[in-house]
Amino acid sequence: MTVVAVVVFVVAYVLIATEWTHKLLAALGGAAVLLALGVTDSEHAFYSPDTGIDWNVVFLLLGMMIIVGVLRRTGVFEYVAIWAAKRAKGSPLRVMILLTLITATASAFLDNVTTVLLIAPVTLLVCDRLGIDPVPFLIAEVMASNIGGAATLIGDPPNIIIASRSGLTFNDFLAHMTPLVVIELIVFTLVLPWLFKGSFTADPDRVDNVLRLNEREAIQDTRLLLKSGAVLLLVFTGFVGHAVFHVEPSVVALLGAGLLVLTSGVPTKDYMGSVEWQTLLFFAGLFIMVGALVKTGVISDLADQVGKATEGKPLLAVMLILTVSAVLSGIVDNIPYVATMSPVVLELAKNVSDPSHAQALWWALAAGADFGGNATAIGASANVVVIGIALRAGNPISFWDFTRKGVVITAITILVAAPYLWLRYFILS
Amino acid sequence: MAEDYPVVNLDTDAREAVELLASRRLPGLIVVDEKGKPHSVLPASQVVRFLVPSYVQDDPSLARVIDESLADQVADKLSGVTVRKLLPSEPLELPVVNHDDTVLEVAAIMARLRCPLVAVVKDKEIVGAITASRLLELVVAPH
């Protein structure tokens, strides 16, 4: 059974990584084969978060997708982005810095794909008005989105998986990942002028074109904006107050989504249209495949090997996880990677006596996987989405155009994350 | 039932073609290739789609933030462009009927291709076109 579980997993993983088949087909097909061959069963696949589908992850994603589906209709994101571009007074560098910071902040609370879907059209508009190439701006924004998404539990799907497997809370992410992301964003902002040298020349006569944009027109329904703001506040209170309310983030998100749907009056097809059913099913298939590896003992064997390779030294394990995660997340989607690695890290953490060292293993996985998504054009879903938007707008971004910058930013972010983890969890703790 | 209809070719200046559409209030234009054979139909709605920037198509709320004077500049996209560029990137099935096809056959083609205009050919040569309004006129005419 162990061999079958490994073979099915590897074949499905290769199919997902190479995109020879649709990733949903690979994940659900792999899960179906494992169920059909009796490697796992319905009890393990559907009723155990350790060996099957982690419904907390699936429903947290579902709830947040519905909330975002309503929120994006308010126009608030467009308002803020255009307001910022006007405050930049048409200076391309200032426009890039402000838009990347807005993207990073929004990504901490919305999923990265939604954030770039909202910011990219505004960016194209501003660049069009200024008569400058939007490609550097789009690349910078998607990178900021991948960095910013690492800041919170809900910012990036890998973080949701990590939180569910590790038991780390929304506040743990705020206390441990947010400071790292703030540092990363400061460094990222400082690097932007160098990374995109030669991209910041605009015709001064066109600056007025940006200043004449009317951001107030983006918000059509003020009541919807207020209702959405109030519900979002309640949802985040629920996330932050987990220790007080003892309500799981998935339940908070679902309750928030329900409340928003009831009070907003947005038509069903509009908010349900923003639910990515394929992604949710992909998660389900993936969890069953990884669960089969846990059930058959493959994951604990793998964790033993990693433990031996790092000679029981937590710092070495942290640095290994950080680096390997960054490299692999640039090559394969970071969601299946983290789904696979989470049980391994869980096993490793059990054998580490110091709790802060054990926690550092999880932060290394989060940082490596989230920041590693920047490495290549296919490292994160948001990268693929932005490249598609740019192509439709007549500004194609080649794989290498993206990857040349992506590798540099990934290297820098990992070089910043490594001393952060070392100092905070091994020197100062 | 076919009527005389203006024809443009793939290398016709886009602004010229749009002016033709606008001045004669046409639902679309028949596009022919270098040999004068029917190539495609360019519906007016496709031209409108071309004029709308992709970022406004992705996020329609952005149309509201652009003021009138800036919005008026959308036609600038037509300068230096030919009809070939206005056509959809994915080739569409050519809406074409034979000169002796019935009203129902023409209506079926229009409905299936959602096209307001079909080219009418005889011996592979264009002899005219039928617009949706001409078709409806024939349908409701007393027999």
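Residues numbered from 1 in each chain as written. Chains lettered and ligands numbered in written order. Predicted model: local features only at pLDDT ≥ 70, side-chain atom pairs only at ≥ 80, totals over all residues.

1. Structural notes on the overall build of chain B
A count of helices and strands for chain B gives 8 helices and 6 strands. Each helix and strand of chain B, placed in order from N terminus to C terminus, yields the pattern β-α-β-β-α-α-α-α-α-β-α-β-β-α. Referenced to the eigenvectors of the C-alpha coordinate spread, the extents of chain B come out at roughly 50 × 35 × 25 Å. Considering chain B as a whole, with its 143 residues, one finds that 26% of them fall into the buried category. Within chain B, counting contacts between residues at least 6 apart in sequence, those at least 24 apart form 56% of the total. (Helix = DSSP H or I, 4+ residues; strand = E, 2+ residues; numbered from the N terminus. Buried ≥ 20, exposed ≤ 12 C-beta atoms within 10 Å, placed from the backbone. Contact = placed C-beta atoms within 7 Å.)

2. Thoughts on the nonpolar core
Ile67, Met289, Leu322, Val345, Leu361, Ala364 and Leu365 of chain A are the most contacted members of the largest nonpolar core, which has 155 residues in total. Per-element tally for this core: the top contributor is helix α7 (residues 112–130) of chain A, with 12 residues. With 24 residues, the next largest nonpolar core counts Val31, Val41, Val97 and Ala119 of chain B among its residues. (Core = buried A, V, L, I, M, F, W, Y, C linked by C-beta atoms within 7 Å.)

3. What about unusual backbone geometry?
The backbone of histidine 246 of chain A sits at a positive phi, close to 55°, despite the residue not being glycine. Structurally, histidine 246 of chain A is set in the loop between α13 (242–245) and α14 (249–264). The backbone of arginine 114 of chain B shows a phi angle near 50°, a positive value even though the residue is not glycine. Note on arginine 114 of chain B: 10 C-beta atoms within 10 Å, which makes it exposed.

4. Brief notes about the pairing of strand β5 (residues 117–122) of chain B
All names here are of chain B. Sheet topology note: the strand β4 (residues 96–98)/β5 ladder contains 3 bridges and is parallel. Each bridged residue has a counterpart across the sheet, and for valine 96 the counterpart in β5 is alanine 119. With helix α7 (residues 103–113) bridging β4 and its parallel neighbour β5, the resulting β-α-β unit is right-handed. Here β5 runs beside strand β6 (residues 125–131); their pairing, made up of 6 bridges, is antiparallel. Pairing of lysine 122 across the sheet is with glutamate 125, part of β6. (Pairing = 2+ DSSP bridges. Right-handed = clockwise from strand over helix to strand, strands pointing away.)

5. Remarks on the interface of chain A and chain B
The partner chain B presents 12 residues to the 18 residues of chain A that form the contact. The element that contributes the greatest number of residues to the side of chain A that touches chain B is α7 of chain A, accounting for 5 residues. Here the side of chain A that touches chain B is composed, by residue class, of 9 nonpolar, 3 polar and 6 charged. (Nonpolar A, V, L, I, M, F, W, Y, C, P; charged D, E, K, R; others polar.)

6. Let's talk about the UniProt feature "transmembrane region" (unreviewed entry) in chain A
Residue and element names in this part refer to chain A. What UniProt calls "transmembrane region" (unreviewed entry) maps, in this numbering, to residues 52–71, 92–110, 173–196, 224–245, 280–303, 315–332 and 407–427. With 95% helix and 0% strand, the stretch residues 92–110 has end C-alpha atoms that lie 26 Å from each other. End-to-end, the C-alpha atoms of residues 315–332 are 25 Å apart, and along that stretch the chain is 94% helix and 0% strand. (UniProt positions renumbered as here; feature names shortened; annotations may be inferred.)

7. Re the UniProt feature "domain: Citrate transporter-like" (unreviewed entry) in chain A
When the UniProt feature table is mapped onto this chain numbering, "domain: Citrate transporter-like" (unreviewed entry) sits at residues 13–368 of chain A. Within residues 13–368 of chain A, the helical portion is 76% and the strand portion 0%, while the C-alpha atoms at the span's ends are 19 Å from each other.

8. Here we look at helix α18 (residues 314–331) of chain A
Taking 1.5 Å of rise per residue, 18 residues should cover 26 Å, and α18 of chain A covers 26 Å from first to last C-alpha, within 8% of that figure. Looking at the buried residues of α18 of chain A, the elements they touch are α17 (298–309), α19 (334–350), α20 (355–372) and α22 (399–427) of chain A. (Expected span 1.5 Å × (residues − 1).)

9. Some details on the sheet that holds strand β1 (residues 7–9) of chain B
Residues and elements named next belong to chain B. Here 3 strands make up an open sheet; going across it, the order is β1-β2-β3 and the pairing mixed. In this open sheet, the two edge strands, each paired with only one partner strand, are β1 and β3 (38–43). Each neighbouring strand pair of the sheet contributes to a mean axis angle of 35°, computed without reference to strand direction. Bridge analysis of β1 against strand β2 (residues 28–32) gives 3 bridges, and the strand direction is parallel. Across the sheet, valine 7 pairs through a bridge with isoleucine 30, a residue of β2. Helix α2 (residues 44–51) contacts β2 and β3 of the sheet and is inclined by roughly 65° relative to β3. (Axes fitted to C-alpha atoms, helices over the stretch in contact; angles between N-to-C directions.)

10. Details of the pairing of β2 of chain B
Successive side chains on a regular strand alternate, one facing one side of the sheet and the next facing the other. Residues and elements named next belong to chain B. Most of β2 sits inside the fold, with 4 of its 5 residues counted as buried. Taken together, β1, helix α1 (residues 14–23) and β2 form a β-α-β motif whose crossover is right-handed. Two strands pair when backbone bridges link them, and β2 and β3 are joined in this way by 5 bridges, in the antiparallel orientation. If you follow valine 31 over to β3, its bridge partner there is serine 40. Count of turn residues in the β2/β3 antiparallel hairpin: 5 residues, of which glycine 36 carries a positive phi of about 80°.

11. Re the environment of glycine 241 of chain A
Residue and element names in this part refer to chain A. Along the chain, glycine 241 turns up in the loop between α12 (222–240) and α13. Exposure remark for glycine 241: the 14 C-beta atoms within 10 Å place this residue in the partly exposed category. Separated by 70 residues in the primary sequence, glycine 241 and asparagine 171 place their C-alpha atoms 8.4 Å from one another.

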